[in-house]
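# Descriptive analysis of the structure
Chain residues, written in single-letter form:
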Amino acid sequence: MIWIIHKKIADNSSHDYITRKVTVKTMKKNILLGVTGGIAAYKAANIISMLKKRGHNVRVIMTKSATEIITPLTLETLARDRVVTDMWEKKPNVEVEHISFAEWADVILVAPATYNVVGKVANGIADDMLTTVISAATVPVYFALAMNVNMYSNPILRENVDKLKGYGYKFIEADEGFLACNVNAKGRLKKEEDIVDILEKEFTEVPQTLAGKKVIITAGATREAIDPVRFLSNRSTGKMGYSLAMAAKKMGAHVTLVSAPTNLPRPTEVDEVVDVVSAQDMYEAVMSRYDSMDVAIACAAVADYKVKKYSENKIKKKEGDLTLVLDRNPDILKTMGEKKRDQFLIGFAAESENLLINAQGKLERKNLDMIVGNSVNYMQRDENKVVFLFKEREMKDISEMPKEDLAYEILKEIK
Ligand code: CTP
C-alpha cells in the first residue's frame with residue numbers, strides 16, 4: 001500500500017520549510033495482536049479496525065483477563081478471524097497452533113501490555129497462548145504499555161523493560177492522561193493511531209543508500225578518572241549516537257558503534273559495539289578502525305581534558321582549596337580530519353552561544369564534510385533541533401523532531 005504523509009522538507013533555496021506530500025511505501029503485513037487484561041483492552045477494537053483499514057492482516061490472541069474487559073466476539077468481528085483465548089481449545093486441524101502463529105506473524109503487537117505480561121516474558125514464563133507465542137517468535141515484538149501510574153513507575157517493571165530491550169523487544173511508552181484509577185498521570189495507552197503509525201514504521205522500506213558501506217559512530221559521554229571513585233564527565237545521554245547507529249544499520253551499512261558509558265540498552269542490531277571509558281580509549285578504538293571506514297560520525301561528547309596525575313588512592317579532603325591539574329585529551333575528530341582519505345566525515349557541535357559561527361569554525365578546523373549544530377539545551381531530551389552545515393553545500397535548518405527521525409535526516413546527507 002502507498003501511505004501518503006505530509007512531511008516538512010527543507011527547501012534548499014530559501015531555508016524555509018514547505019510542506020510536501022511524500023510517498024512512503026508500506027507493505028501489507030501479518031500482524032498478530034496480543035490483548036492483555038488492562039482497562040485499555042477495549043481500545044484493541046480501534047487498533048484492529050485501523051490496521052484492517054490500512055490493509056493489514058490481523059489475528060488476535062486474548063489473555064483470559066482481557067476477555068473479562070472486552071468480548072472475543074467484538075474483536076473477532078473486527079479482525080474477521082477467530083480470536084484465540086485458550087491454549088487447550090479443541091482445534092479442527094492438527095497444526096501446533098502457537099508455532100504456526102509465531103511463524104505467520106511479521107510482527108507482534110501487545111496492546112495493551114500490562115505489568116503482568118511484561119513481567120512474565122522478562123522472566124521466561126510462558127503459561128498461556130500469548131506468552132507461549134511470544135517465546136517462540138523470532139519477529140519484532142512491540143509492547144504498548146498501559147497501567148496504573150504506580151505500577152508504571154515501579155522499578156520492577158522498569159528493570160523488566162530494560163532487560164527485554166536488551167534482547168531486542170520494543171516498547172511503546174504510555175502517555176500521560178486521565179487513568180481509570182481517577183488520576184491524571186502517566187500510564188495511559190498511547191493513542192491508537194500513534195501505535196499503528198509506530199508499527200508501520202517497522203515496515204517502511206528504508207532506502208538502502210548505505211548498503212555495503214562501513215560506518216563508525218562514536219557515542220556517549222567519556223569519563224576521565226580522577227581517583228578510584230571519582231571521574232570527570234558530562235550530561236550527554238548517547239541517544240543521538242545510538243539512534244544514528246540503528247538508522248545506519250537499517251539503511252544497509254555495516255556499523256561499528258564506539259560507545260562511552262550510557263544508560264541505554266545495548267543495540268543488538270549493530271554489527272560491532274566497542275565499549276570504551278575515557279577519551280584516550282575512544283581515540284584508540286576509533287583510530288585503529290578508521291582506515292577501513294567509508295563514513296565516520298563523531299557524536300560522542302568527549303572530555304577535552306583529563307587529570308594530569310591520576311591518584312591511585314582516594315583523594316582525602318584537606319583544609320583549603322583543591323587544585324586538579326588537567327591535561328589535553330586527543331581530539332579524535334580532528335585527527336580523523338587530518339588522516340582523511342575519502343571518508344565522509346560528520347561532526348557535532350553542541351553550543352550554548354554563537355551556534356553558527358562556532359559550528360562553522362569546527363567544520364573548517366576539523367576538515368569535516370558536514371557538521372550538525374545544536375543548542376546544549378537539547379542535550380538530555382528525546383528531540384533535537386539542529387542546523388546542518390556543509391563543506392561544499394548551503395546550510396539547512398532542520399525542524400525539531402525525535403532523535404530517531406533526525407538520525408535518518410543526517411544519514412540521508414551522506415554523499
Ligand atoms: N570531539 C572529538 N574529540 C575530542 C573533542 C571533540 O572527537 N576530544 C568531537 C565531538 O564528538 C564532536 C566535535 O568534535 O563531533 C565537536 O566537539 P565539541 O566538544 O563541541 O567541540 P570541541 O572541539 O571540544 O571545541 P570547544 O571545546 O571549543 O567547543
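Residues numbered from 1 in each chain as written. Predicted model: local features only at pLDDT ≥ 70, side-chain atom pairs only at ≥ 80, totals over all residues. Heavy atoms only, no water.

## Here's the deal with the overall build of the chain
Scanning the chain from N- to C-terminus turns up 14 helices and 21 strands. Looking at the 415 residues of the chain, the share that counts as buried comes to 46%. Considering only contacts in the chain between residues 6 or more positions apart, those separated by 24 or more positions represent 64%. Taken as a whole, the chain presents about 21,300 Å² of accessible surface, with 50% of it coming from carbon and sulfur. Side-chain charges of the chain comprise 60 positive and 57 negative groups, with the mean position of each set lying 0 Å from the other. (Helix = DSSP H or I, 4+ residues; strand = E, 2+ residues; numbered from the N terminus. Buried < 20%, exposed > 50% of the residue type's maximum accessible area, 1.4 Å probe, protein only. Contact = heavy atoms within 4.5 Å. Areas by Shrake-Rupley, 256 points an atom, 1.4 Å probe, with all protein chains shown as cover. Lys, Arg positive; Asp, Glu negative; His and termini not counted. Charge placed at Lys NZ, Arg CZ, Asp CG, Glu CD.)

## Details of a nonpolar patch on the surface
Side chains of Tyr305, Leu322, Leu324 and Leu326 sit close together on the surface and give an oily, nonpolar patch of about 390 Å² of accessible area. Its location among the elements puts leucine 326 in strand β17 (residues 326–328). What makes leucine 326 partly exposed here is its relative accessible area of 40%. (Patch = residues over 30% accessible without salt bridge, like charges linked within 9 Å, V, L, I, M, F, W, Y side chains within 5 Å. Salt bridge = Lys/Arg side-chain N within 4 Å of Asp/Glu carboxyl O.)

## Focus on the site of the ligand
The ligand sits among 13 residues. The nearest are Ala298, Ala300, Phe348, Lys362 and Lys366. With respect to the ligand, the backbone of alanine 298 contributes an N or O atom lying 2.7 Å from an oxygen atom. Leucine 333 places a main-chain nitrogen or oxygen 2.9 Å from an oxygen atom of the ligand. Isolated, the ligand exposes 570 Å² of accessible area, and the fraction of that covered by the protein chains is 77%. Here the ligand occupies the second largest pocket. (Near = heavy atom within 4 Å. Polar contact = N/O pair within 3.5 Å; in protein donor to acceptor, adjacent residues only side chain to side chain. 1 Å grid on protein atoms, 1.4 Å probe; cavity = no way out; pocket = protein on both sides within 12 Å on 5 of 7 lines; lining within 4 Å. Sits in = over half its atoms within 2 Å of the grid points.)

## Describing the UniProt feature "binding site: CTP" (unreviewed entry) in the chain
Feature annotation in UniProt places "binding site: CTP" (unreviewed entry) on Asp304, Lys314, Pro330, Asp331, Ile332, Leu333, Phe348, Lys362 and Lys366, given in this structure's numbering. What stands out for the annotated residues spanning 63 residues is how far apart their C-alpha atoms range, the widest pair being 37.2 Å apart. Lining residues of the second largest pocket, restricted to the annotated ones just named, are Asp304, Pro330, Asp331, Ile332, Leu333, Phe348, Lys362 and Lys366. In this structure, leucine 333 sits in helix α12 (residues 332–338). Take leucine 333: its relative accessible area is 8%, and that puts it in the buried class. (UniProt positions renumbered as here; feature names shortened; annotations may be inferred.)

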